[in-house]
Amino acid sequence: MPDIAKNIAQICSELGGNTKLIAVTKTKPLQDLLTAYEAGFKRFGENKVQELCSKYESLPKDIEWHMIGHLQSNKVKYIAPFVSLIHGVDSFKLLKEIDKEARKNQRVIDCLLQIYIADEDTKFGLSPQEAHELILSESFANLSHIRVIGLMGMASHTDDKEKIAQEFQSLKDLFEVIAQLPNLPSNLSMQELSMGMSGDYPIAVAHGSTLVRVGSAIFGSRA
Ligand SMILES: *Cc1c(COP(=O)(O)O)cnc(C)c1O
């Protein structure tokens, strides 16, 4: 049995003051989340809407919930009332749907644009060019109930640390380029860079990550 509280404390101590931990709880039982919660940790990430909603309903309401997985437009409505940050936004269509559901719930939902940085064809995301086009379009500026607060990316699944470092650096570079564009729309502010998982979060932190999404290093491997 992994010592959940100890693992969280250990990882937090490795992160600099500018990086926050999101404990990725997908497939893990409620008891594991409660163990973390009772140790004072309240920021969780899930990658499936149904699991996110059922855990939200069962647990205390001061938890910050992050949707980290691929999100389908027709499921946005289920998480819109409570989600804290949606990490994997990879199309204007999805952003528009989030805006619509956020409006219905009278809130503004924070989002990250997912950027494709790995050279694997299984990972979702926008190219840097597509990200630029999206945020500079007039239709983007008109979305008043979403706020894009940064970028998210996943490095290639490899042991090659140099390659992972290059991929994270490319995301950090894009983040800086966008942050320095003139006349950014008011619903865009580059604050968060979500990168790094159990196998590569130290590299991500070294390259400017502000949010690491760590699951198995806390809760043990998933079945
Ligand atoms: C599962 C998952 C993680 C965490 O993975 P670990 O290797 O268990 O740390 C991070 N990000 C996303 C998008 C995930 O789906």
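Treat the numbers as computed from the prediction; the structure is a model and nothing was measured.

1. Quick look at the overall build of the chain
When its secondary structure is counted, the chain shows 10 helices and eight strands. Computed over the C-alpha atoms, the radius of gyration of the chain is 17 Å, within 12% of the 17 Å expected from 2.2 N^0.38 for a compact globule of 223 residues. With the C-alpha coordinates aligned to their principal axes, the bounding extent of the chain is approximately 50 × 45 × 30 Å. The proportion of buried residues among the 223 residues of the chain is 50%. By sequence separation, contacts in the chain at least 24 residues apart represent 60% of the contacts at least 6 residues apart.

2. Let's talk about the site of the ligand
The environment of the ligand is made up of V24, K26, I68, M152, M154, M197, S198, R213, V214, G215, S216 and R222. In the environment of the ligand, an oxygen atom lies 2.7 Å from a nitrogen or oxygen atom belonging to the side chain of K26. Between the ligand and R222, the relevant distance is 2.7 Å, taken from an oxygen atom to a side-chain nitrogen or oxygen of the residue. Starting from 390 Å² of accessible surface for the ligand in isolation, the protein chains cover 90%. Among the residues forming the shell around the ligand, the class breakdown is six nonpolar, three polar and three charged.

3. As for the packing of aromatic side chains
Under the defined criterion, the tally for this structure stands at three aromatic pairs. Residues F41 and F44 carry aromatic rings whose centres are separated by 6.0 Å and whose planes lie at 55 degrees to one another, so their mutual orientation is tilted. By the burial criterion, F41 is buried, and F44 matches it. Pairing F44 with W65 gives two aromatic rings, centres 5.7 Å apart and planes at 50 degrees, and the pair type is tilted. Residue F44 is found in strand β2 (residues 43–46), and its partner W65 is found in strand β3 (residues 64–67); the two are separated by 21 residues along the sequence. Of the residues examined, F44 reaches a relative accessible area of 0% and is grouped as buried. Ring pairs connect the aromatic residues F41, F44 and W65, which therefore count as one cluster. Between the NZ or CZ atom of K61 and the centre of the ring of Y56, over which it lies, the distance is 4.8 Å.

4. Notes on the pattern of salt bridges
Opposite charge on two side chains makes pairing possible when the charged atoms of those side chains draw close. The final tally for this structure, using the stated rule, is 12 salt bridges. Among the ionic pairs, E46 bridges to K55, the shortest N-O distance being 2.8 Å. Between E51 and K55 there is a salt bridge, with the nearest N and O atoms lying 2.7 Å from each other. Of this pair, E51 and K55 both sit in helix α3 (residues 49–58), four residues apart, roughly one helical turn. When salt bridges that share partners are traced, they join E46, E51 and K55 into one network.

What counts and what doesn't
- Residues numbered from 1 in each chain as written.
- Predicted model: local features only at pLDDT ≥ 70, side-chain atom pairs only at ≥ 80, totals over all residues.
- Heavy atoms only, no water.
- Helix = DSSP H or I, 4+ residues; strand = E, 2+ residues; numbered from the N terminus.
- Rg over C-alpha atoms; globule rule 2.2 N^0.38 Å.
- Buried < 20%, exposed > 50% of the residue type's maximum accessible area, 1.4 Å probe, protein only.
- Contact = heavy atoms within 4.5 Å.
- Near = heavy atom within 4 Å.
- Polar contact = N/O pair within 3.5 Å; in protein donor to acceptor, adjacent residues only side chain to side chain.
- Areas by Shrake-Rupley, 256 points an atom, 1.4 Å probe, with all protein chains shown as cover.
- Nonpolar A, V, L, I, M, F, W, Y, C, P; charged D, E, K, R; others polar.
- Phe/Tyr/Trp six-rings, centres within 6.5 Å; stacked < 30°, edge-to-face > 60°.
- Lys NZ or Arg CZ within 6 Å of the ring centre and 35° of its normal.
- Salt bridge = Lys/Arg side-chain N within 4 Å of Asp/Glu carboxyl O.

Coordinates in, geometry out; function isn't part of it.
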